[in-house]
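# Coordinate inspection notes
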Amino acid sequence: MDIVVCKTDMWDFHDWISYCKAFNAVFKTNHDLAYFKHKYNSVVDGYSYHALLLNDSKEIVGSCSVMPFIYNYKSELVKIGQAVDVFICEEYRTDPLMLKRMYSKLKKTLIT
């Protein structure tokens, strides 16, 4: 399995479908592509950041996502990231440290 760090503006149609399918399976929801595109692209940067877990067939089987927002802190506007929608499909939960590795790889990209 591979961990790929990317932004939603880099996703192609296959990525959106693969993500949607995995998310809906894990959280037992039925969100469509429009829901995710709006959620992840309607943020201050125009995209969100993701550490995606890919299986050998390059299907998305896990994700750790960060959505950027502007936050008012002590009368100063600062950009922050809110971690959301963290998951690994049940059949791929064999490594107890995988989520930590996903988050760590994403954090290295965000804190530069």
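Structure: above.
Residues numbered from 1 in each chain as written. Predicted model: local features only at pLDDT ≥ 70, side-chain atom pairs only at ≥ 80, totals over all residues. Heavy atoms only, no water.

L33, F36, K39 and Y40 are the residues of helix α2 (residues 33–41) that are buried. Buried residues along α2 cover an arc of 135° about the axis, so they all sit on one side. Where α2 is buried, its residues meet α1 (13–27), β2 (49–54), β3 (60–73) and β4 (76–88). (Buried < 20%, exposed > 50% of the residue type's maximum accessible area, 1.4 Å probe, protein only. Helix = DSSP H or I, 4+ residues; strand = E, 2+ residues; numbered from the N terminus. Arc of directions from axis to C-beta. Contact = heavy atoms within 4.5 Å.)

All chains considered together, the criterion is met by 14 aromatic pairs. Their ring planes at 75° and their centres at 4.9 Å tell us that F23 and F36 sit as a pair that is edge-to-face. With F23 in helix α1 and F36 in helix α2, this pair connects stretches of sequence that are 13 residues apart. For the pair F23 and F36, a shared accessibility class is recorded, and that class is buried. Relative to Y40, the ring of F36 lies with its centre 6.2 Å away and its plane at 20°, an arrangement referred to as stacked. Separated by four residues within a single helix, F36 and Y40 lie in helix α2, roughly one turn from each other. This pair shows no difference in class: F36 is buried, exactly as Y40 is. (Phe/Tyr/Trp six-rings, centres within 6.5 Å; stacked < 30°, edge-to-face > 60°.)

This next bit is on unusual backbone geometry. Located in the positive-phi region is K28, a residue other than glycine, with phi close to 50°. By the element assignment, K28 lies in the loop between α1 and α2. In the Ramachandran plot, K74 falls in the positive-phi region, its phi being about 50° despite a non-glycine side chain. Inspection of the secondary structure assignment puts K74 in the loop between β3 and β4. What makes K74 exposed here is its relative accessible area of 69%.

Bringing the nonpolar core into the picture now. Y19, F36, Y40, L52, L53 and M102 are the most contacted members of the largest nonpolar core, which has 30 residues in total. Secondary-structure elements contributing two or more residues to this core are β1 (2–7), α1, α2, β2, β3, β4 and α3 (98–110). (Core = buried A, V, L, I, M, F, W, Y, C linked by side-chain atoms within 4.5 Å.)

Honestly, it's all geometry; don't read function into it.
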